[in-house]
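Topology and contacts: notes
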Amino acid sequence: MAGQKRDYYEVLGVSKDCTLSEIKQSYRKLARKYHPDVNNGSAEHEERFKEISEAYAILSNEEKRRQYDTCGFNSSLFDGINFDSVFSEFGFGDIFNMFFGGGFGGSFSSSRGSSRRPSRGSDVYSDITIDFKEAAFGVKKDIKYTADVNCRHCGGTGAENEADIIKCTVCGGLGQVRTSRNTFLGSLITTSACENCSGKGTVIAKPCKNCEGRGYIRQEKNISVDIPSGVSSGMQLRVQQKGNSKGSASISGDLLIRINVKPHPGLERDGDNVVSVFDISFAQAALGTRLDIETLDGQEEVNVKPGTQPGTKITLRGKGITPLSGSRRGDHIISLNVKIPADLTAEEIKLLKKYAEGREELTGDGASGIFSSIKNAFRK
Ligand SMILES: [Zn+2]
Ligand SMILES: [Zn+2]
């Protein structure tokens, strides 16, 4: 699934209740193994290094770890994390700049040491509204959005013909220029990106007519996205590299889908639980009854015991929401509200009075009657 991530604890091979020093120890061990310097730019190892580092960044931060434990993965976890300082104690500061400089969660250059880092297109935001039940179980949704995509006419190069892409004469196709300065320390050579070709090494003699040389055009896009169970309003789903392109020499930005969950009449969410309030009458509470309750799984018959008190809660185990991380469903909790009738008929009043008399309960006029007789007694 797009945007799916492995569990951070699993990534670091630690248990959910491990200590910070265990996290550090495990990260140090794994980082030594997958560090790009050790593996000479193996893409797979770099991916692993990035994964363990991301997991470490979150789990080593007390607040972010708590957030992750309760809500699972969410791109807002990265808000406010300074990766430079997180990893400086391991001496990884500059590697992190290189990997994640363009924004966390995005792609990064896989060739360490290469001077050319592909530029990255911007992220595209899209909103989607889903039903309460869809959020509870997860759903596959088609999403329509507009993004810059590689121009078909030029394949994203920006040139009218392939022959129109010519080697930059200023840098000789290297994309870099070296300048030599004489200083008191001797001759100092500095390398910088070629200004003529913006470091690409090539220039375009005749720009593509379709995209006017940009390499990309704006287009409607369609994508099918698996929205996991347990999402809630305000969460964002990141689909990597489905955002804007800046042409064939670039990496596309990401598509960020903001989720809005429609409320469902009668059902509310409390963490992984579903809560509903049900009115029963005084007689139903006293004598017991059977109720037809709407749950996520459809109508459910629920037994109310005789002598049920107002505020009594009935729990339907495993009828709640499947959480984002984990597969055990929450519960459905029914809160019973006992309604006292305010519209009794004369016949009903008679019956209730008879009932009260039998239990020697003072009601209505009888209650005020005793007060007035006490008052009268004092007056005498
Ligand atoms: Zn150049
Ligand atoms: Zn074009």
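Look above for the structure.
The text that follows walks through the structure, step by step, so that each part is easy to find. Please read these numbers as outputs of a predicted model, since none were measured by experiment.

Glancing now at the overall build of the chain. Looking only at helices and strands, the chain has 11 helices and 17 strands in total. The long-range fraction of contacts in the chain, counting pairs at least 24 apart against all pairs at least 6 apart in sequence, stands at 63%. Split by element, the accessible area of the chain, about 22500 Å² in all, is 49% carbon and sulfur.

To continue, consider the sheet that holds strand β11 (residues 255-261). What the 3 strands build is an open sheet, ordered β2-β11-β9; its pairing is mixed. Sheet topology places β2 (124-130) and β9 (236-239) at the edges, where each strand pairs with a single neighbour. With direction set aside, neighbouring strand axes in the sheet form an average angle of 25°. Note: β2 against β11, 7 bridges, orientation parallel. Counterpart to Val 124 in the pairing with β11 is Leu 255.

With that settled, the discussion passes to the pattern of salt bridges. Scanning all chains against the criterion turns up 22 salt bridges. The closest approach of N and O atoms between Lys 141 and Glu 134, which form a salt bridge, is 3.3 Å. A residue is classified by how much of its surface remains accessible, and Glu 134, at 19% relative accessible area, is buried. For Lys 319, the salt bridge is made with Glu 300, and the minimal N-O distance between the two is 3.9 Å. Placement of the pair is Lys 319 in the loop between β16 (313-316) and β17 (332-339) and Glu 300 in strand β15 (residues 298-304), with a sequence separation of 19 residues. Salt bridges here are not isolated pairs; linked through shared partners, they connect Arg 6, Glu 10, Arg 48 and Glu 51.

Moving on: the environment of Ala 205. Tracing the chain through its elements places Ala 205 in the loop between β7 (202-204) and β8 (216-227). Sequence-distant contacts of Ala 205, that is, excluding residues within four places in its chain, are made with Asp 164 and Ile 166.

Another aspect to go through is the coordination of the zinc ion (ligand 1). The coordination sphere of the zinc ion (ligand 1), as far as protein atoms go, consists of Cys 168 (SG), Cys 171 (SG), Cys 194 (SG) and Cys 197 (SG), spread over 2.2 to 2.3 Å. Classification of the site at the zinc ion (ligand 1) as tetrahedral follows from its 4 donor atoms and the range of 102 to 117° in their angles at the metal. Spacing between the donor residues of the zinc ion (ligand 1) along the chain follows C-x2-C-x22-C-x2-C. Of the two residues, Cys 194 and Cys 197, both sit in the buried class.

Here we take up the sheet that holds strand β12 (residues 268-270). Pairing within the open sheet is mixed, and its 4 strands lie in the order β12-β13-β17-β16. Edge strands, defined here as strands with exactly one partner in the open sheet, are β12 and β16. Averaged over all pairs of adjacent strands, the angle between their axes in this sheet comes to 35°, without regard to strand direction. The sheet contact formed by strand β13 (residues 273-281) and β17 spans 8 bridges and is parallel. Opposite Ile 280, over in β17, you have Val 338 as the bridge partner.

About the cut-offs
Residues numbered from 1 in each chain as written. Chains lettered and ligands numbered in written order. Predicted model: local features only at pLDDT ≥ 70, side-chain atom pairs only at ≥ 80, totals over all residues. Heavy atoms only, no water. Helix = DSSP H or I, 4+ residues; strand = E, 2+ residues; numbered from the N terminus. Contact = heavy atoms within 4.5 Å. Areas by Shrake-Rupley, 256 points an atom, 1.4 Å probe, with all protein chains shown as cover. Pairing = 2+ DSSP bridges. Axes fitted to C-alpha atoms, helices over the stretch in contact; angles between N-to-C directions. Salt bridge = Lys/Arg side-chain N within 4 Å of Asp/Glu carboxyl O. Buried < 20%, exposed > 50% of the residue type's maximum accessible area, 1.4 Å probe, protein only. Donors = N, O, S within 2.8 Å, 3.2 Å for Na, K, Ca; no water. Tetrahedral: all angles 85-135°; square planar, octahedral: opposite > 155°, others 65-115°.

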